[in-house]
Amino acid sequence: MTGLDGVDYRPGDRAYRPAAGADLPTEWLKRQTRYWDTVAPVYDRHYSTEWSAGENAIVAARLSRLLPDHRDPRVLDLGCGTGLGYHLLTELRPHVNYTGVDASAGMLEVFRKKFDTDVHLINQPAEWLAAGRFADLDLVIAIFTSASYIDLPLPDLLERVGGWIKPSGGIYLSFLNRMSIGSLGSTGFGRVIDYSSRGMKSGTVPARRYSTRELIETCRALGLTANVVSLGPFAGLVESRLFMKANAVLSNSSLFGHTIDVVITGRG
Ligand SMILES: C[S@@+](CC[C@H](N)C(=O)[O-])C[C@H]1O[C@@H](n2cnc3c(N)ncnc32)[C@H](O)[C@@H]1O
C-alpha cells in the first residue's frame, strides 16, 4: 500500500472502523451512508451519459492545472465514491499517490472492483479526519458536489483541508449552489436541502448549499487564494447536446451554476 495514513477499507467492510474513542455517527452521517450505500450499485450507470463525459472533461482540465509537475503527486479525494476522481487523475498522470475517503462502504466496494486493489481507500466520514491527519499534500479534491455532504461549518472544513496541503498545494471542492437556476424550483434557497442523486426516484440525503460570496469570503479570511467556477447552469435541467457547448463556456463562472466549485491555488 502506498497510502498516506488512516483506516484502510477492505472489501466486505460494512461499518466505520473509527479510531478508539472517536465520535459515533450522527443522524446526518447515518443518512449519508444509508443513502449512498443504496445508490452505489446504480451510480455509475446514471453518470455514463455524453453530458457527464463533458462535465468530466471540464473537471479533468481543472485538475490538470492543479497537479504539480513532479512525479507521484500526493492527492486526497474526499467523498471519492466509485472512483471517478481516481480515474480522471490517473488518466492525467499514471503515477499518483492517491488516497480516497468515503463514508459509504457500498461506494468503496464498487471503486475497489473497478480498479487496482492497491489503491488506498479509507472508509470514514470526512468529518472524522482530524486536523493533523495529513500533511504536505499536493492536492485535495471533493468533486461533483461531494463537499456538500460534509457536515462541518464552512470555516472549519476549509481550515482543516488548508492545513493538509503544502503552501503551494491546490484544493478543488465542489459544493451545491444556493443560487442555481434549479434552486428556483421546489428547493428554494435554503442552506440545507434534501437532495436526490441523478436518476434516483426514492430517498433523499441532506446536503449543505453555499453562495459564491460566503465561499470566497471564507477563503479570503483564512488566507486561501481562491477562484470559483461551476459545472455550468444547465446540469440537471437541459442536458442535451445542443446546450453542451454553452454550458461549458458558462461553467467558467459560478453564477447560477448547479454547483460552485472552489479552486484554491495556495495558502498565504
Ligand atoms: C455525489 S457523490 C460523488 C462521488 C465522486 N466524487 C464522483 O465524482 O463520482 C458523493 C459522495 O460523497 C460521499 N459522502 C457523503 N457524505 C460524506 C461524508 N460526510 N464524508 C465522506 N464522504 C461522504 C458519498 O458516499 C458519495 O460517494
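Because the structure is a prediction, the values reported are computed rather than measured.

Participant: Sorry, what's going on with the overall build of the chain here?
Facilitator: Within the chain, the regular secondary structure consists of seven helices and nine strands. Here the chain, with 268 residues, has 44% of them falling under the buried criterion. Intrachain contacts of the chain at a sequence separation of at least 6 include 75% that bridge at least 24 residues.

Participant: What is the right way to look at the site of the ligand in this model?
Facilitator: As a matter of local geometry, the ligand sits amid 23 residues, with Trp36, Gly79, Gly81, Phe144 and Tyr149 nearest to it. Going through the elements one at a time, helix 1 (27-46) and helix 3 (84-92) are the ones with two or more residues in the shell around the ligand. Broken down by element, the residue count for the shell around the ligand peaks at three residues, all from helix 1. Each residue belonging to the shell around the ligand can be placed in one class, and the counts come to 14 nonpolar, seven polar and two charged.

Participant: Explain the pairing of strand 4 (residues 137-142) to me, please; I cannot follow it from the model alone.
Facilitator: As a general feature of sheets, a regular strand has side chains that alternate between the two faces. Where burial is concerned, most of strand 4 is hidden: six out of the six residues are buried. Sheet analysis places strand 4 next to strand 5 (residues 165-177), joined by five bridges and oriented parallel. In the strand pairing of strand 5, Ala142 is matched with Leu173. Considered for its hand, the β-α-β crossover made up of strand 4, helix 5 (residues 154-164) and strand 5 is right-handed.

Participant: It is not clear to me how helix 3 should be interpreted in this structure. Could you clarify?
Facilitator: Think of an α-helix as 3.6 residues a turn; residues three or four steps apart then line up on the same face. Buried within helix 3 are the following residues: Leu84, Gly85, Tyr86, Leu88 and Leu89. For helix 3, the secondary structure elements touched by its buried residues are helix 2 (50-66), strand 1 (74-78), strand 2 (97-101) and strand 4.

Participant: So what exactly am I meant to see when it comes to the environment of Pro155 here?
Facilitator: Here Pro155 shows up in helix 5. It is 9.9 Å that separates the C-alpha atoms of Pro155 and Glu214, two residues lying 59 residues apart in sequence. Those residues in contact with Pro155, other than ones at most four positions away along the chain, are Thr218 and Leu222.

Participant: Looking at this structure, I do not really get the packing of helix 2 against helix 3. What am I missing?
Facilitator: Interaxial distance between helix 2 and helix 3 falls to 10 Å at its minimum, and their mutual angle equals 55°. For the element pair helix 2 / helix 3, the angle class is oblique. Of the two elements, helix 2 crosses helix 3, and the hand of that crossing is right-handed. For the pair formed by helix 2 and helix 3, the contact residues are Asn56, Val59, Ala60, Leu63 and Ser64 on the first element and Leu88, Leu89, Glu91 and Leu92 on the second.

Participant: I'm lost on helix 1 in this one. Help?
Facilitator: Given a rise of 1.5 Å per residue, 20 residues ought to cover 28 Å, and the 27 Å separating the end C-alpha atoms of helix 1 matches this to within 8%. At Ala40, helix 1 shows its largest kink, close to 60°, and the proline Pro41 lies no more than four residues downstream. Taken as a whole, helix 1 has its buried residues at Leu29, Gln32, Thr33, Tyr35, Trp36, Val39, Ala40 and Tyr43.

Participant: So what exactly am I meant to see when it comes to the packing of helix 2 against helix 7 (residues 241-250) here?
Facilitator: Packed helices, taken two at a time, are described by their axes: the angle between them and the distance between them. The N-to-C vectors of helix 2 and helix 7 enclose an angle of 15°; their axes lie 10 Å apart at closest approach. One way to sum up the angle between helix 2 and helix 7 is to call them roughly parallel. Handedness of the crossing formed by helix 2 with helix 7: right-handed. On helix 7, the residues touching Glu50, Trp51, Gly54 and Ile58 of helix 2 are Arg241, Met244 and Ala248.

Participant: Teacher, can you tell me more about the confidence of the model for the chain here?
Facilitator: Should pLDDT be low for a region, the predicted coordinates there are not to be read in detail. Here the chain shows a mean pLDDT of 88. Residues at 70 or above account for 88%. Below pLDDT 50 for its whole length, residues 1-7 participates in 19 contacts with residues either more than four positions away or in separate chains. Counting contacts from residues 9-16, a segment whose pLDDT is below 50, to residues more than four positions away or on other chains yields 13 contacts.

Participant: For this particular structure, what's the right way to read the environment of Ala248?
Facilitator: Turning to its location among the elements, Ala248 is positioned in helix 7. Sequence-wise, Ala248 and Glu55 are 193 residues apart; in three dimensions their C-alpha atoms are separated by 7.8 Å. Dropping the residues within four chain positions of it, Ala248 is found in contact with Gly54, Ile58 and Gly232.

Participant: How should the environment of His70 be read in this particular structure?
Facilitator: You can see His70 is positioned in the loop between helix 2 and strand 1. By the C-beta count within 10 Å, which is 9 here, His70 ends up exposed. Between the C-alpha atoms of His70 and His95, which are 25 residues apart in sequence, the distance is 9.9 Å.

Participant: Teacher, can you tell me more about the nonpolar core here?
Facilitator: Side chains that are nonpolar tend, in soluble globular proteins, to be buried together. Grouped together as the largest cluster of nonpolar side chains are 64 residues, with contacts concentrated most on Val75, Leu76, Leu137, Val140, Ile141, Phe175 and Val262. Among residues more than four places away in sequence, those in contact with Val140 are Leu76, Leu78, Val161, Trp164, Ile165 and Ile171.

Calculation rules
- Residues numbered from 1 in each chain as written.
- Predicted model: local features only at pLDDT ≥ 70, side-chain atom pairs only at ≥ 80, totals over all residues.
- Helix = DSSP H or I, 4+ residues; strand = E, 2+ residues; numbered from the N terminus.
- Buried ≥ 20, exposed ≤ 12 C-beta atoms within 10 Å, placed from the backbone.
- Contact = placed C-beta atoms within 7 Å.
- Near = placed C-beta within 6 Å.
- Nonpolar A, V, L, I, M, F, W, Y, C, P; charged D, E, K, R; others polar.
- Pairing = 2+ DSSP bridges.
- Right-handed = clockwise from strand over helix to strand, strands pointing away.
- Axes fitted to C-alpha atoms, helices over the stretch in contact; angles between N-to-C directions.
- Parallel < 35°, antiparallel > 145°, perpendicular 65-115°, else oblique.
- Left-handed = near helix turned anticlockwise from the far one by under 90°.
- Expected span 1.5 Å × (residues − 1).
- Bend = angle between axes of the 7 residues up to and from the residue.
- pLDDT = per-residue confidence, 0-100.
- Core = buried A, V, L, I, M, F, W, Y, C linked by C-beta atoms within 7 Å.

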